[in-house]
Amino acid sequence: MKYRLGIDVGGTNTDAVILDEQQTVVASIKTHTTADIEAGIDHAIAGVLAESGIAPADIHWAMLGTTQATNAIVERKELARVGVIRLGYPATVAIPPYTEWPDDIVQILSGQYALVHGGYEYDGQTLTIMDNDELREVLTGWQGKVDALAVVGVFSALNKDQEEHVAAVAQETLGADIPVSLSATIGSIGLIPRENATILNAALYKVIKRVTRGFAEALRQRGVNDATVYLCQNDGTVMSLDFAEQYPILTIGSGPTNSIRGAAYLAQKKNALVLDIGGTTSDIGVLVNNFPRESSKGVEVGGVQTNFRMPDILSIGLGGGSIVRQHADGSVTVGPDSVGYRITEQARCFGGDVLTATDIAVRLGNAALGDPSLVADLDDDLVQKAAAEIRRMLEEAIDKMKPSAEDVDLILVGGGMIIANGQLAGTAHTYTDSHGGVANAIGATIAQVGGQYEKLYQYANVDRAKAIADATALAERQAVTAGAIPESTQVVDVEEIPLAYAPGDTTRVKARAVGQLK
């Protein structure tokens with residue numbers, strides 16, 4: 001029997017599950033996330049192996065969903081020094097790189113950038129001729145000053161040849177091991193947001209190396225030596241460790257995505273609203289044809305505006321560890337602050353002195369946690385007001401994310417789902433499962449390998465069918481590069497978006513493909 005091991009690291013809990021070849025949950029465990037993330041992963045691996053009784057040698061695939069990349073950007077930790085080369089001089093000098101970035105992160109990344117000749121017009125013609133001497137002069141001046149490069153060309157979504165040429169020259173000048181991020185393979189259309197995403201991707205290479213090597217080492221220490229190892233992407237699929245080291249930014253937002261995919265698996269639903277209540281936040285997403293709905297808006301990460309792919313998620317500061325307060329006027333608020341992973345030390349039902357949303361659920365008899373006698377003396381008025389506030393916050397968030405005015409099916413998951421009391425307004429039917437508390441780890445474990453490709457085509461010059469065939473073939477190739485078995489790949493989505501402002505019937509074609517794990 002070949003088993004899958006999946007781990008998801010959240011701000012409050014680290015969850016682990018083992019699934020068999022029929023994708024049935026064999027064992028699951030929920031442990032507290034530790035200050036040392038690697039220690040928490042190790043504890044989770046050890047715990048789920050012990051609970052299942054499965055030999056480590058029988059684990060053939062291992063997946064990890066992690067917030068390390070997001071945390072590094074938000075907390076400004078372990079980021080690499082990045083040199084930014086923009087191909088677009090002199091047309092783009094009005095808005096230089098790092099415009100509207102927070103000053104502190106610019107200083108950490110070194111702030112090194114150069115605008116050089118190159119780039120394309122909107123119709124594919126060359127903007128200005130590249131100058132190799134200019135390029136080498138810039139790169140030579142950065143020796144010892146940068147750890148990674150971000151290369152961004154004007155309209156490289158039409159043609160990425162110039163960006164690839166810069167990468168080749170950079171590796172000749174700075175060494176073959178210099179990490180180079182190309183905007184054509186990372187962001188969508190829109191020069192500045194695409195540039196921002198590319199810079200962040202380059203900045204994360206140290207972080208992702210520590211994560212990939214730490215995960216592999218944790219598995220080795222527990223005897224899981226023969227498993228193929230993957231990291232979760234934010235579109236509900238996984239990628240190999242080598243691919244993750246090239247595109248670490250694709251791990252951002254993978255946590256909520258895993259929950260949505262896990263919820264779909266548990267409820268056997270392809271279309272629904274998913275409410276994942278954790279210890280600190282509640283994340284609400286939309287399940288469309290078995291995958292998370294993708295956001296149509298640019299995503300801000302750590303104060304930096306980007307346009308790379310992300311699931312459409314609404315997060316509110318409400319979870320099982322959210323602190324409940326009654327104010328002088330009698331009103332009650334819940335959150336947004338939380339006791340987080342210290343809930344078993346600080347919550348009232350566990351002998352602590354902080355009143356949390358979990359205490360309210362225990363007092364109402366909705367959960368058998370801790371010692372119910374420790375919350376039996378809570379004032380009824382306080383309890384009812386807190387419960388009403390929790391319900392209001394959840395119903396308001398659901399209303400914002402519903403795809404229509406009709407009542408929708410709701411899949412309720414997450415370790416904090418006990419705080420959702422009764423049927424919520426706007427929902428037709430609520431699905432729950434005994435494994436709902438570890439839906440995020442399940443989502444990581446059932447994932448296929450994914451690849452996505454996006455490019456601008458001018459249908460006036462390229463036959464539409466040929467353009468779509470090209471984009472889908474490139475998406476399938478991307479899935480194979482990410483670790484899929486070549487003959488197993490299939491295209492699951494193709495999207496065409498005409499660009500009204502561009503000539504030649506210019507259309508943005510985006511294709512997504514998935515494949516089986518190796």
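Data block above holds the structure.
Residues numbered from 1 in each chain as written. Predicted model: local features only at pLDDT ≥ 70, side-chain atom pairs only at ≥ 80, totals over all residues. Heavy atoms only, no water.

1. Examining helix α7 (residues 205–221)
- For α7, built from 17 residues, the straight-helix expectation of 24 Å at 1.5 Å per residue is met to within 8% by its first-to-last C-alpha distance of 24 Å.
- Within the span of α7, buried status applies to Tyr-205, Val-207, Ile-208, Val-211, Thr-212, Phe-215, Ala-218 and Leu-219.
- Positive backbone phi, approximately 85°, marks Gly-223, located one or two places after α7. (Helix = DSSP H or I, 4+ residues; strand = E, 2+ residues; numbered from the N terminus. Expected span 1.5 Å × (residues − 1). Buried < 20%, exposed > 50% of the residue type's maximum accessible area, 1.4 Å probe, protein only.)

2. Considering the packing of aromatic side chains
- One pass over the structure, following the stated rule, counts two aromatic pairs.
- With a centroid separation of 5.0 Å and 80° between ring planes, the pair formed by Tyr-98 and Trp-101 is classed as edge-to-face.
- According to the relative accessible area criterion, Tyr-98 is buried, its value standing at 8%.
- The interplanar angle of 50° and the centroid separation of 4.8 Å between the aromatic rings of Phe-243 and Tyr-247 together place this pair among those described as tilted.
- For Tyr-247, a relative accessible area of 11% puts it in the buried group.
- Of note, Arg-4 hangs over the ring of Trp-61, and the distance from its end group to the ring centre comes to 5.6 Å. (Phe/Tyr/Trp six-rings, centres within 6.5 Å; stacked < 30°, edge-to-face > 60°. Lys NZ or Arg CZ within 6 Å of the ring centre and 35° of its normal.)

3. Topic: the pattern of salt bridges
- Per the counting criterion, the structure on display carries 22 salt bridges.
- Salt-bridge contacts for Glu-78 lead to Arg-210; the nearest nitrogen and oxygen are separated by 2.9 Å. Highlighted residues: Glu-78 in the loop between α2 (68–75) and β5 (82–89) and Arg-210 in helix α7, separated in sequence by 132 residues.
- Judged by relative accessible area, which is 42%, Glu-78 ranks as partly exposed.
- For Asp-409, the salt bridge goes to Lys-269, with nearest N and O atoms at 2.8 Å. Of this pair, Asp-409 sits in strand β19 (residues 408–413) while Lys-269 sits in the loop between α9 (254–267) and β11 (272–277); the two residues are 140 residues apart in sequence, bridging distant segments of the chain.
- Residues joined by salt bridges that share partners form a network here, namely Arg-81, Asp-147 and Lys-206. (Salt bridge = Lys/Arg side-chain N within 4 Å of Asp/Glu carboxyl O.)

4. Remarks on the sheet that holds strand β7 (residues 148–153)
- In spatial order, the strands read β6-β5-β7-β8; together these four strands make up an open sheet with parallel pairing. A strand with exactly one partner marks an edge of an open sheet, and here the two such strands are β6 (112–117) and β8 (180–182). Going across the sheet, the axis of each strand differs from the next one's by a mean of 20°, ignoring polarity.
- In the packing of helix α5 (residues 161–174) onto the sheet, contacts are made with β5, β7 and β8, and the angle to β7 comes to roughly 155°. (Pairing = 2+ DSSP bridges. Axes fitted to C-alpha atoms, helices over the stretch in contact; angles between N-to-C directions. Contact = heavy atoms within 4.5 Å.)

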